[in-house]
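# Examination of the molecular architecture
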Amino acid sequence: MEKLTFYALSAPEKLDRIGAYLSERLSRDVARHRYGYVCIAMEALDQLLMACHCQSINLFVESFLKMVRKLLEADKPNLQILGTNSFVKFANIEEDTASYHRSYDFFIIFKKKHMDKIVPSLLFNLQSGEGTESRSPSPLQASEKERESPAELTERCFRELLGRAAYGNIKNAVTPVLMHLDNHSLWEGKTFAVRCFKIIMYSIQSQHSHLVIQQLLGHVDANSKSSATVRAGIVEVLLEAAGIAASGSVGPTVLEVFNTLLRHLRLSVDYELTGSYNCTNIGTKIIKEHEERQLQEAVIRTIGSFANTLPTYQRSEVMLFIMGKIPIPGMHPMLPSTGSGPEGNRMIQVMLLKSLRQVTCGFQTTNMLTALPNSFLDPLLSFALLEDAEIRLLVLEILVSLIDRHDNLPKFSSISIISDISVLKLKVDKCSRQDNLFMKKHAQHLYRHVYLCSKEQSSVQPHFEKLYSLLALISMELANEEVVVDLIRVALALQDLALSSEETLPVYSRCAVHALSSAYLNLISQLTTVPAFCQHVHEVIEMRQKESPYLLPEDVFIENPKIPKTLEKLEGELLFQQAKITEVLGGSGYNTERLATPYVPQFTDEDRLSKRKSIGETISLQVEVESRNSPEKEERTPAEEITFETLKNAIVDSVGVEEQEKERRRQVVEKFQKAPFEEIAAHCGARATMLQSKLNQIFEITIRPPPSPSGTITSSYGQTQSRSVPVYEMKFPDLCVY
């Protein structure tokens, strides 16, 4: 060996031939099972590598790598270990010059058959060292002893392997991880599965993140019949993976991600309602309700996590996408009947609105008009009119998080009378042109829903708190002078609503609406900075504190509200006066005419559509709408002469007329509910025929034969008769021809 080393050092150009000879001998000895000679040849190669660092070593190294490959491919574990140890020695040699001729491709074996053996082995070793928590993204800070532990070495090896994975190899590297976690029931504990995928997400090249997420989504689908804990485990891992994935790296499959998650949300709701489902291996599987609930919460959190990685324009697309999935009466189709019935629809509405709330959390856009189109806002606002209190609260939460672009929301989380709002340190920007356009388009809808939601008897403290937040945030984010005037009118209309004897509101609701109105007027008066307005509001609040504290939030919005059994008629200084407010604001240049007009919400068909109970009611509503909009009704009646007699008749007959109108409506509803289909079809068909005949009459009157330039012709009876001449036969004077 000494002679060989001396010869190689003195004649380095001979190294490649020495390497080739040793390589040939070793191959022959391996084939003939002469393992003693194999060890001698490897020892010789190792010593030569250690001694010779000249420039011509590259070809010798090629021979050495061929030998290592031969040993690793052998069946005997001893030979594999010999090759491995030899390669480790070679890897630790400090090189004098860079090398460009070596081929290490053989060692990176990303083929499926290899990865299916290597990855589970790595995971098994990683699992045995579970006590040591992974130091993501890099374990460089570990002590020397820790670095040499099997778990630590495994983690470094696993990271190295993943870091070298190209686009086409990611699948082969991740699939065995999924299979290992399945086979050893490791999804349910979650901690190890999450640790594995943290290592994967931090180690792969960032542009490949979406491939891992796609595989996880596919795995959720593959486990749709697994237990809720397994599905929840996979979804939790997705949640972690989405958090690590760089912004936008969810890639081209953005809507596919949300589609899969929403599908599993709906599936979970179906499982929960039916109580069981058929599983191919073990027959019928009984559902544990609390596990399905945990899964649903995990899916909703994951939807939010994905949304947070997206840019604003994609997030608004996702919001529209989710909205399109929600069953809405009269707009989007309800769920097919899967035995779950109306309760299934309600649960899906709640779950999808919760998902929407997660997506809108922290959503900030400069142009609300494009980010929140009609196709999103209209169905969302129609939910604010449903009788279900939970759904209404979710809608209000979504609205406030969409409008809050300067993080003012936490300052309005509870309703109270703030004597000086400067302590809140509110961030108020000048209303932009786009915001003005947004309010021109949607303001009346928003006011209307605030008013109608206050009117709901099932509204409780959280609803009123969110309504207060909504009014306050509109004042911060979207208010110009016209909006401020309208908001004041809405607040005064709420006071009138609480006073109205026509409304059958319970005492708590009346006190809550009074408290909401007073808290908001206190805020808006300070924002307008009109001293006389602030003074009036302050005086009323002071009077209420002395005489009727149950009209203020401090006594109403607490755990045990201090409200009276009945509410006496309120008047005078306990109420905010519209006339007084109009006068003081008019002096500061506000529109007095608008201020003096009490706010009345526009009652539209949407209100009744949202609350309809049966198809009969829907049809009768359409009939009423049609009859209201018919041309006969629109014709202005001539002003009739009013005498004492007509007034007397009007007073006497008004009750009878109302009764007749009610009876007529009842008959219409009854007809559409009970009449056979053929009769209803004939009724509608007759109206269509009548319309067509009217149109024919109009066409006959308007379409006449063209006048003839060739003059008139006289009939034998001496009557003049117009003769119709085709245009191409007409004789035009020369002056008319161009």
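For the structure itself, look to the data block above.
The structure contained in this document is the topic of the report that follows. (Residues numbered from 1 in each chain as written. Predicted model: local features only at pLDDT ≥ 70, side-chain atom pairs only at ≥ 80, totals over all residues. Heavy atoms only, no water.)

## Examining the overall build of the protein
- When you go through the protein residue by residue, the secondary structure sums to 32 helices and 4 strands.
- Classification of the 738 residues of the protein by burial places 43% in the buried group.
- Of the contacts made within the protein by residues no fewer than 6 positions apart, 73% connect residues no fewer than 24 positions apart.
- When the accessible surface of the protein is totalled, it reaches about 40500 Å², and 54% of it is carbon and sulfur. (Helix = DSSP H or I, 4+ residues; strand = E, 2+ residues; numbered from the N terminus. Buried < 20%, exposed > 50% of the residue type's maximum accessible area, 1.4 Å probe, protein only. Contact = heavy atoms within 4.5 Å. Areas by Shrake-Rupley, 256 points an atom, 1.4 Å probe, with all protein chains shown as cover.)

## Some points on the pattern of salt bridges
- For the structure on display, the rule yields 20 salt bridges.
- Residue Arg 195 pairs with Glu 155 through a salt bridge whose shortest N-O separation is 3.2 Å. On the criterion of sequence distance, the pair formed by Arg 195 in helix H10 (residues 191–203) and Glu 155 in helix H8 (residues 150–163) is long-range, its members being 40 residues apart.
- Residue classification places Arg 195 among the buried positions, given a relative accessible area of 4%.
- Residue Glu 291 pairs with Lys 288 through a salt bridge whose shortest N-O separation is 4.0 Å.
- The network of salt bridges with common partners includes Glu 482, Asp 486, Arg 489 and Arg 594. (Salt bridge = Lys/Arg side-chain N within 4 Å of Asp/Glu carboxyl O.)

## Looking at the packing of helix H9 (residues 170–183) against helix H11 (residues 209–222)
- Axis separation between H9 and H11 bottoms out at 10 Å; the angle between their running directions is 35 degrees. Remark: the crossing between H9 and H11 carries right-handed chirality. Judged by residue contacts, Ile 170, Lys 171, Val 174, Thr 175, Leu 178 and Asp 182 of H9 engage Leu 211, Val 212, Gln 215, Leu 216 and His 219 from H11.
- The residue makeup of the contact of H9 with H11, split by class, is 6 nonpolar, 3 polar and 2 charged. (Axes fitted to C-alpha atoms, helices over the stretch in contact; angles between N-to-C directions. Left-handed = near helix turned anticlockwise from the far one by under 90°. Nonpolar A, V, L, I, M, F, W, Y, C, P; charged D, E, K, R; others polar.)

## Quick look at the side chain of Ser 517
- By secondary structure assignment, the location of Ser 517 is in helix H23 (residues 507–528).
- On the basis of relative accessibility, which here comes to 2%, the residue Ser 517 falls in the buried class.
- Apart from the residues within four sequence positions on either side, Ser 517 is in contact with Ala 491, Leu 494 and Gln 495.

## Here we look at empty space enclosed by the protein
- Under the definition given, this model contains 1 cavity of 30 Å³ or more.
- One number sums up the size of the largest cavity: a volume of about 30 Å³.
- For the largest cavity, the full set of lining residues is Ala 384, Leu 396, Leu 399, Leu 446, His 449, Val 450 and Leu 470.
- Those elements giving two or more residues to the lining of the largest cavity turn out to be helix H19 (389–403) and helix H20 (433–455).
- When the residues that make up the lining of the largest cavity are grouped by side-chain class, the tally is 6 nonpolar, 1 polar and no charged. (1 Å grid on protein atoms, 1.4 Å probe; cavity = no way out; pocket = protein on both sides within 12 Å on 5 of 7 lines; lining within 4 Å. Points joined across faces, edges and corners; volume = space filled by probe spheres on them.)

## Remarks on unusual backbone geometry
- Phi at His 33 takes a positive value of approximately 60 degrees, unusual for a residue other than glycine.
- In this fold, His 33 is placed in the loop between helix H2 (15–31) and helix H3 (35–51).
- A relative accessible area of 56% means that His 33 is categorised as exposed.
- The phi dihedral of Lys 425 is positive, around 50 degrees, even though this residue is not glycine.
- Counting through the fold element by element, Lys 425 comes out in the loop between H19 and H20.

## Some thoughts on helix H18 (residues 374–383)
- Counting buried residues in H18 gives 7 out of 10 residues, a clear majority hidden from the surface.
- Those residues of H18 that fall on the buried side of the exposure criterion are Phe 376, Leu 377, Pro 379, Leu 380, Leu 381, Ser 382 and Phe 383.

## What to know about the layout of surface pockets
- In this structure, the largest pocket encloses a volume near 1800 Å³.
- Taken together, 33 residues form the lining of the largest pocket, with Phe 87, Phe 107, Ile 109, Cys 157 and Leu 161 sitting closest to its centre.
- Where the lining of the largest pocket is concerned, the elements lending two or more residues are helix H4 (58–73), helix H5 (77–91), helix H6 (112–128) and H8.
- Top contributing element to the lining of the largest pocket by residue count: H6, with 7 residues.

## Focus on the packing of aromatic side chains
- In the structure shown here, the tally under the stated rule is 8 aromatic pairs.
- Pairing Phe 412 with Tyr 468 gives two aromatic rings, centres 6.2 Å apart and planes at 80 degrees, and the pair type is edge-to-face. You can see Phe 412 sitting in the loop between H19 and H20 and its partner Tyr 468 sitting in helix H21 (residues 461–477), a full 56 residues away along the chain.
- For the ring pair Phe 464 and Phe 557, a centre distance of 5.9 Å and an interplane angle of 40 degrees mean the geometry is tilted. Within this pair, whereas Phe 464 is found in helix H21, its partner Phe 557 is found in the loop between helix H25 (553–556) and helix H26 (578–586), the two being separated by 93 residues in sequence. Neither Phe 464 nor Phe 557 differs from the other in exposure class; each is buried.
- Grouping aromatic residues by their ring pairs yields a cluster made of Phe 64, Phe 87 and Phe 90. (Phe/Tyr/Trp six-rings, centres within 6.5 Å; stacked < 30°, edge-to-face > 60°.)

## What to know about H9
- Between its terminal C-alpha atoms H9 stretches 20 Å, which fits the 20 Å expected from 14 residues at 1.5 Å a residue.
- Among all positions of H9, only Ile 170, Ala 173, Val 174, Pro 176, Val 177, Leu 178, His 180 and Leu 181 are buried.
- If you follow the buried residues of H9, they end up packed against H6, H8, H10 and H11.
- Of the residues one or two after H9, Ser 185 is the one with positive phi, at around 50 degrees. (Expected span 1.5 Å × (residues − 1).)

## Side note on the nonpolar core
- Core analysis: the biggest nonpolar cluster contains 161 residues, and Phe 158, Trp 187, Phe 197, Leu 216, Leu 353, Ile 488 and Phe 533 have the highest contact counts within it.
- For Trp 187, the residues in contact, after removing those within four places along its chain, are Leu 178, Leu 181, Asp 182, Ala 193, Phe 197, Leu 216, His 219, Val 230, Gly 233, Ile 234 and Val 237.
- Counting 25 residues, the second-largest nonpolar core is a separate cluster that includes Ala 8, Leu 22, Ala 41 and Phe 60. (Core = buried A, V, L, I, M, F, W, Y, C linked by side-chain atoms within 4.5 Å.)

## Some remarks on the environment of Leu 487
- Topologically, Leu 487 is positioned in helix H22 (residues 481–499).
- C-alpha of Leu 487 to C-alpha of Ile 524: the two residues are 37 residues apart in sequence and 8.5 Å apart in space.
- When residues no more than four places from it in sequence are discounted, the contact partners of Leu 487 are Tyr 447, Leu 471, Ile 474, Ser 475 and Tyr 520.

## Digging into the side chain of Lys 466
- Summarising the element assignment, Lys 466 is placed in helix H21.
- Sequence-distant contacts of Lys 466, that is, excluding residues within four places in its chain, are made with Leu 393, Leu 396, Glu 397 and Val 400.

## Observations regarding the environment of Ser 401
- Structurally, Ser 401 is set in helix H19.
- In sequence terms Ser 401 and Gln 358 are 43 residues apart; their C-alpha atoms lie 9.7 Å from each other.
- With residues up to four places along the chain from it excluded, the contact list for Ser 401 reads Thr 360, Cys 361 and Phe 363.
- A distance of 3.1 Å separates a polar atom in the side chain of Ser 401 from a polar atom in the side chain of Thr 360. (Polar contact = N/O pair within 3.5 Å; in protein donor to acceptor, adjacent residues only side chain to side chain.)

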